[in-house]
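Take a look at the letters that make up each chain.
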There are 2 protein chains.
Amino acid sequence: MRITKQREVILKILAERRDHPTAFEIYEHAKNLFPEISLSTVYRTLKEMVERGEVIEIRMDGETKARYDINTGNHAHFRCRNCGRIFDIEILFPLKLIGFKVEKVEIYIYGLCDECAKKEVMA
Amino acid sequence: MRITKQREVILKILAERRDHPTAFEIYEHAKNLFPEISLSTVYRTLKEMVERGEVIEIRMDGETKARYDINTGNHAHFRCRNCGRIFDIEILFPLKLIGFKVEKVEIYIYGLCDECAKKEVMA
DNA sequence: ATTTGTGCAAATCCTTTGCAGATAA
DNA sequence: TTATCTGCAAAGGATTTGCACAAAT
């Protein structure tokens, strides 16, 4: 994989943002740093990174568009119904699937984050 | 929601199949039972059922197309890397997200099912 | 009769791809 | 040099929608 300005920019965005942007959001952000970049390059680069296992692709709650996450370890995503933010959450739990070989786990959790839960009780 | 032949057929398919079919697979199956049915009716009906909470939509491992499941309780999906089958799995685990209000959980697990794991050891 | 549902075709949204020119090694 | 990467525009796949007709209440 050659080092190009486009790939540097995409990697930098993924490393700095932890809000799980879509390909289009990454493209919009990248244009500020490198205006000539194209949307297809963003898609191509993300696809390659996913295939290499450097980035994971998530789709919360049946969304048609994918979001990207440079955190490749097994972890859960929590989306707040109120503010829409997506939090990374580490969950340790005992998987006892007798005879099954578990290679990857994706967990999506929906509800209210601590701040919004407080507000709802008050309202 | 009026009772039409189309909706009866779609419900019957969802109730009988537990292999998490896509909209197109439901359409193909439905045509055997009611040839005049259209793909857009299948999509429209599924979307309505999802909005009513009668059916859930899942997208395993970044698949672009949705799959449908009449089992609406919180449960995990296990996809076998080898045979591709998707198993429903009940997992009880303690969620301790302090201050967070959990309303829904989606868990996707990937690996080898018991049968395929045995074969891999032997091979 | 009135409201809701349907099929069809066209539109839309997200993503991928072919190609000819550009760039990193 | 030369293999890989890029932008563009066009194609592709999944899903949604406008509309006039059909069916359910």
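Values in this document were obtained by computation on a predicted structure and should not be read as measured data. (Residues numbered from 1 in each chain as written. Chains lettered and ligands numbered in written order. Predicted model: local features only at pLDDT ≥ 70, side-chain atom pairs only at ≥ 80, totals over all residues. Heavy atoms only, no water.)

Caption draft 1: Representation of the packing of aromatic side chains. All names here are of chain A. In this structure the tally under the stated criterion is 2 aromatic pairs over all chains. Relative to Tyr27, the ring of Phe24 lies with its centre 5.8 Å away and its plane at 50°, an arrangement referred to as tilted. Here Phe24 and its partner Tyr27 are both found in helix H2 (residues 23-33), 3 residues apart, which amounts to about one turn of the helix. The class of Tyr27 is buried, set by a relative accessible area of 15%. (Phe/Tyr/Trp six-rings, centres within 6.5 Å; stacked < 30°, edge-to-face > 60°. Helix = DSSP H or I, 4+ residues; strand = E, 2+ residues; numbered from the N terminus. Buried < 20%, exposed > 50% of the residue type's maximum accessible area, 1.4 Å probe, protein only.)

Caption draft 2: How the structure looks around the relation of the copies chain B and chain A. Relative to chain A, chain B is turned by 180° and slid 0.0 Å along the rotation axis, the superposed coordinates differing by an RMSD of 0.1 Å. Expressed as a symmetry operation, the mapping of one chain copy onto the other fits a two-fold axis. Taking the C-alpha atom as reference, chain B places Ile107(B) closest to the rotation axis, 2.1 Å from it. Mapped onto chain A, 100% of the interface residues of chain B are again interface residues, and the two copies thus contact each other with one and the same surface. (Least-squares fit on C-alpha atoms with pLDDT ≥ 70 in both. Contact = heavy atoms within 4.5 Å.)

Caption draft 3: Focus on the domain arrangement of chain A. Residue and element names in this part refer to chain A. When cut into domains, chain A gives domain 1 (5-69) and domain 2 (76-122). With 10 residues of domain 1 in contact, the opposing surface of domain 2 contributes 8 residues. Considering only the surface of domain 1 that becomes buried against domain 2, His20, Met60 and Asp61 emerge as the three largest contributors, covering 58% of it. Counting only elements with at least two residues in the side of domain 1 that touches domain 2, the list comes to strand E1 (56-58) and strand E2 (67-69). (Domains from an automatic or database assignment. Buried area = accessible area lost by both parts, 1.4 Å probe.)

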